[in-house]
Amino acid sequence: MARVFLSYARENAGEAQALAEAIDAAGHTVWWDRHVHGGLRFADEIDRELKEADVVVVLWSQDSIGSAWVQDEAAEGRDSGRLVPVKLDACKPPLGFRQYQTLDLSGDLSGSETPSLQELLHAIASTAGEDPSTAAAKKGKKAPPARQYSICVLPFANMSGEFEQEYFSDGISEDIITDLTKISALSVVARNTAFTFKDKPVRVTDVARELNVSHVLEGSVRKSGGRVRITAQLIDGAAGDHIWAERYDRELTDIFAIQDEISSAIVGALKLKLLPQEKKAIEQQRGTNNSEAYDLYLMAREYWISGNYGDTRRDQIILRLCKSAVEIDPDYARAWALMALVQADMRYQGSELVENGIAAAEKALELNPDLAEPHGVKAKIFTLQGRHDEASAEIAIAVELDPDSWDVNREAAMVMFRQDRIAEAAPFFARAAELVETDCRSLAMLICCYRGLGDLSLAEPAARLLLERVERAVAQDKSNGAALAIGANALAELGESDRAREWMRRALLVDPDNRLLLYNLACACLAPAMNDNDTAIDLLRPYMTRANAGQMLHLAADPDLDPLRDDPRFKAMLADAEARIAAAEV
């Protein structure tokens, strides 16, 4: 029988106990946090039980929809295909979960024979891949077939001998994952989970056992000039035997054909049926048939995700790459969408030399109305213009279209944060940080949210994870000032004030003109372990002399700056900045 993880808000403990007893009576093993024993690390045990569960039952209520814990646990279930959502009252599930059928158990917990509880037991059995025929018969329905196979696509190794080619091998891996997710008969481990194994020596059988998958795909990419060599092998997760293996040595222009051949080979090796609409979806998702435009987009995407945030040179590189991509293929919607994201970000940073991103976003939507990221761009611009209702509507569309998009989660979090909806922003920052394992900024913002919400027990583990990521980023690029500044925040949060000051000095030496860096260093100074208001004021002064209306909106909502709110020097800087912005608008 299934192993069930029950996620709920503390206010719904009574309903959770009733459901746990009903599920347990049906023969399933139920875990909920009443099983946490004294002396155990609370978060560690929850994380372990969540990973080991076959099914994640989430109880949505007016109380739980605002819980970062419940949303994180629900996201884990959603991303691994194990989610069974239940509604306890008239609440509306949060953004990112509304497209999932939710069982309505409001007022229907009186006994194990009620139709709603029987439907829940049926859903648990189906999700766990067990035979739910008994429950289905009671409902008069045919039980849905369980997926026979599951797969993890490990990040393909970059064999080019050049670290700067890493973007290409990662892009190939991500596209293969996306292709395979279009196949309804195959369960695919999410990209963020698969990429936790990147650059780590692993045994395939261990990976399969840890992720509970039947097969693992691994491979390598060597790109040189106009040619590419890709190796791929499909491995039985239990036995460790090769099911299929192939090497492709082709012109770079054949890259899409190679990806299609790999997906087709996996379908053939597992004897799956690829439906016509699934084949069409695989072909459409890339957005271009031009290998040169595709290569430029992947390069721009890598800079966007992992580059020195706040560095105008980095932004200009991304912009040039995107413009080159759409010059080669004017119908490349994803390149237009990335261009819109960068333009919106540069405008927020204060650049008057670029468009605000709306035109590029509209172009992307004209080419592909199903793209989520352009709606995130529009939401950001509307927020900065004070059009909050329109911003909220756009971000709701974005999350509905693609709840697993890193950009969408990041923009949703920022929109909510700048609207002073910090409790709602936190789960989106957490999701963004989970989706991309190199994302430092979302983790830093998540810590800021936890501070503002007074939940320091969550801030510390997030700071430790952030420090690990920053150390990797700085090891790869010692001139990454933005990473050093964020690292100083992590160290300050962990109470390592001496080391935090050392990182601050390094950050100011390598990137003194990065205004966002100055802001982040000021926030580090205001952490309890540092308690250095004077240095924070000195760092903020050059930032405030050029702050625009959007940055002032962020500053007003940022709980990191609360220690300065009553400082006369800070009040004077605020007044000067507001007067300057008002005069400029006139």
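Calculation notes
Residues numbered from 1 in each chain as written. Predicted model: local features only at pLDDT ≥ 70, side-chain atom pairs only at ≥ 80, totals over all residues. Heavy atoms only, no water. Helix = DSSP H or I, 4+ residues; strand = E, 2+ residues; numbered from the N terminus. Buried < 20%, exposed > 50% of the residue type's maximum accessible area, 1.4 Å probe, protein only. Polar contact = N/O pair within 3.5 Å; in protein donor to acceptor, adjacent residues only side chain to side chain. Contact = heavy atoms within 4.5 Å. Pairing = 2+ DSSP bridges. Right-handed = clockwise from strand over helix to strand, strands pointing away. Salt bridge = Lys/Arg side-chain N within 4 Å of Asp/Glu carboxyl O.

### Side note on the side chain of Glu166
Link 1 in the chain: Mapping Glu166 onto the fold places it in helix H6 (residues 166-181).
Link 2 in the chain: Under the relative-accessibility criterion, Glu166 is labelled buried at 11%.
Link 3 in the chain: A distance of 2.6 Å separates the side chain of Glu166 from the side chain of Lys198, its partner in a polar contact.
Link 4 in the chain: Each residue touching Glu166, except ones within four places of it in the same chain, is listed here: Asn158, Lys198 and Asp199.

### Some thoughts on the pairing of strand E4 (residues 83-87)
Sheet faces and side chains relate simply in a regular strand, where the side chains alternate between the two faces.
Link 1 in the chain: For E4, a buried count of four out of five residues is recorded, marking the element as mostly surrounded by other parts of the structure.
Link 2 in the chain: Pairing between strand E3 (residues 55-60) and E4: five bridges, direction parallel. Bridge pairing in E4 places Val58 opposite Pro85.
Link 3 in the chain: One crossover worth recording links E3 to the parallel E4 by way of helix H3 (residues 68-79), and it is right-handed.

### Observations regarding the sheet that holds E3
Link 1 in the chain: The strand order across the open sheet built from five strands is E2-E1-E3-E4-E5, with neighbouring strands paired in parallel fashion. At either margin of the open sheet sits one strand with a lone partner, and together these are strand E2 (29-31) and strand E5 (103-104).
Link 2 in the chain: The pairing of E4 with E5 spans two bridges and is classified as parallel. Within E5, the residue paired with Lys87 across the bridge is Asp104.

### Focus: the pattern of salt bridges
Link 1 in the chain: Enumeration according to the criterion identifies 36 salt bridges in this entry.
Link 2 in the chain: Between Asp407 and Arg301 there is a salt bridge, with its nearest N and O atoms 2.6 Å apart. Remark: Arg301 occurs in helix H11 (residues 291-306) and Asp407 occurs in helix H17 (residues 406-418); sequence separation between them is 106 residues. For the pair formed by Asp407 and Arg301, the shared burial category is buried.
Link 3 in the chain: For the salt bridge of Glu424 with Arg421, the shortest nitrogen-to-oxygen distance reads 2.9 Å.
Link 4 in the chain: Here the salt bridges share partners, and the residues they tie into one network are Arg78, Asp79, Asp404, Arg431 and Glu434.

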